[in-house]
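Descriptive structure summary
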Amino acid sequence: MLDDLLENNRHWSEERKRANPHYFEHLSRLQKPQYLWIGCSDSRVPANTITGLEPGEVFVHRNVANMVHPSDLNLLSVLEYAVEVLEVSHVIVCGHYGCGGIHASQEDHRHGIVDHWLQPIRDVAERNKDQLAHTTDQPSKLDLLCELNVRAQVERLAGTPILQTAWKRGRRVRVHGWVYGLRDGLISDLHCSVPDLRSFAERK
Ligand code: CO
């Protein structure tokens with residue numbers, strides 16, 4: 001099966017070169033994406049595929065349940081590089097309905113170390129328990145929690161010293177919250193974008 005992947009890769013490379021003999025030469029010289037994507041590791045939510053973006057067009061960080069932990073050096077390194085060096089214009093947090101991480105965060109039994117990773121989702125659920133209590137059936141309750149979690153991660157991102165400093169320096173970079181539907185393949189904008197420092201301060 002692994003041989004299939006390598007075979008697929010050879011075909012893909014040849015097709016690209018057939019379409020444009022300089023394709024890899026151009027790509028290897030410069031990386032200048034406009035977007036940083038922070039999404040879930042779920043194999044059904046591949047950033048490039050669902051947004052129709054080509055290699056070189058989106059910088060990607062994925063983890064379980066698209067979390068922004070303020071001390072996650074991996075994410076912070078990606079964010080700093082994207083904002084400071086690549087100078088992306090948009091940072092997108094994209095969650096998805098039917099997220100296993102969101103589901104696991106609401107189960108009573110222990111899963112392991114991932115329970116620590118998912119702790120902030122339980123905090124989001126606690127902070128929004130009244131709104132969640134109004135939603136009676138389980139799938140839509142978890143779907144609502146997916147959305148609330150994306151909103152919370154957008155706030156966290158906007159509050160990082162990396163973005164705060166970039167905005168203070170006058171950098172134009174916007175943070176957005178989206179959610180993807182596994183059932184229809186469609187992305188919805190949650191309309192919680194943070195375009196600048198003033199907008200972030202006004203939310204508080
Ligand atoms: Co997920």
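Our subject is the structure that appears above.
Right, let's walk through the structure included here.

Rules behind the numbers
Think of each chain on its own: its residues are numbered from 1, step by step along the sequence as written. Note on the predicted model: pLDDT of at least 70 is required for a residue's local features to be given, and 80 or more for side-chain atom pairs to be given and counted; whole-chain, interface and lining totals, by contrast, use all residues. To get the side-chain values, all heavy atoms of the structure are used, and hydrogens and water are removed first. Working definition: rings of Phe, Tyr and Trp (its six-membered ring) pair if their centres are within 6.5 Å, and the pair is stacked with planes under 30 degrees apart, edge-to-face with planes over 60 apart, and tilted otherwise. Going along the chain from the N terminus, every DSSP run of H or I of four or more residues is numbered as a helix, and every run of E of two or more is numbered as a strand. Throughout this description, buried means an accessible area under 20% of the type-specific maximum (1.4 Å probe, protein chains only), exposed means over 50%, and partly exposed covers the range between. A 2.8 Å cut-off from the metal defines N, O and S donors, relaxed to 3.2 Å for Na, K and Ca; water is not in the atom list, so some sites may appear incomplete. Whether two residues are in contact is decided by their heavy atoms: any pair within 4.5 Å suffices. To form a nonpolar core, buried Ala, Val, Leu, Ile, Met, Phe, Trp, Tyr and Cys residues must be joined to one another through side-chain atoms within 4.5 Å.

Overview of the packing of aromatic side chains
By the definition in use, this model includes four aromatic pairs. Here Trp-37 and Trp-178 contribute two aromatic rings whose centre-to-centre distance is 6.3 Å and whose plane-to-plane angle is 75°, an arrangement assigned as edge-to-face. A residue pair is termed long-range when its members are at least 10 positions apart, and Trp-37 in strand β1 (residues 35-40) and Trp-178 in strand β4 (residues 174-180) qualify at 141 residues. Residue Trp-37 is classed as buried on the basis of its relative accessible area of 2%. With centroids separated by 5.7 Å and ring planes inclined at 40°, the aromatic side chains of Phe-59 and Tyr-81 adopt a geometry described as tilted. Of this pair, Phe-59 sits in strand β2 (residues 58-63) while Tyr-81 sits in helix α4 (residues 73-85); the two residues are 22 residues apart in sequence, bridging distant segments of the chain. Phe-59 sits in the buried class, given a relative accessible area of 17%.

Topic: the coordination of the cobalt ion
Looking at the cobalt ion, one finds its protein donor set to be Cys-40 (SG), His-96 (NE2) and Cys-99 (SG), positioned 2.0 to 2.3 Å from the metal centre. Read from N- to C-terminus, the donor residues coordinating the cobalt ion fall into the pattern C-x55-H-x2-C. Of this pair, Cys-40 sits in strand β1 while His-96 sits in strand β3 (residues 90-96), placing them 56 residues apart in sequence. Accessibility expressed as a relative area gives 6% for Cys-40, which makes it buried. A relative accessible area of 1% means that His-96 is categorised as buried.

Quick notes on the side chain of His-61
With respect to the helices, strands and loops of the structure, His-61 is situated in strand β2. Relative accessible area serves as the criterion here: at 4%, His-61 is assigned to the buried category. In this structure His-61 touches Leu-36, Trp-37, Ile-38, Gly-39, Asp-72, Asn-74, Leu-75 and Val-78, once residues within four positions along its chain are discounted.

Some points on the nonpolar core
By size, the foremost hydrophobic cluster in this structure holds 29 residues, and its most contacted members are Leu-36, Leu-79, Val-91, Leu-157, Leu-163, Trp-167 and Val-175. Broken down by secondary-structure element, the contributors of at least two residues to this core are β1, α4, β3, α9 (138-158), α10 (161-168) and β4. Residue contacts for Leu-79: discarding those within four places in its chain leaves Leu-36, Val-91, Leu-157, Thr-160, Ile-162 and Leu-163. Counting 17 residues, the second-largest nonpolar core is a separate cluster that includes Cys-99, Leu-118, Leu-132 and Leu-144.

Worth remembering: the numbers are spatial, not functional.
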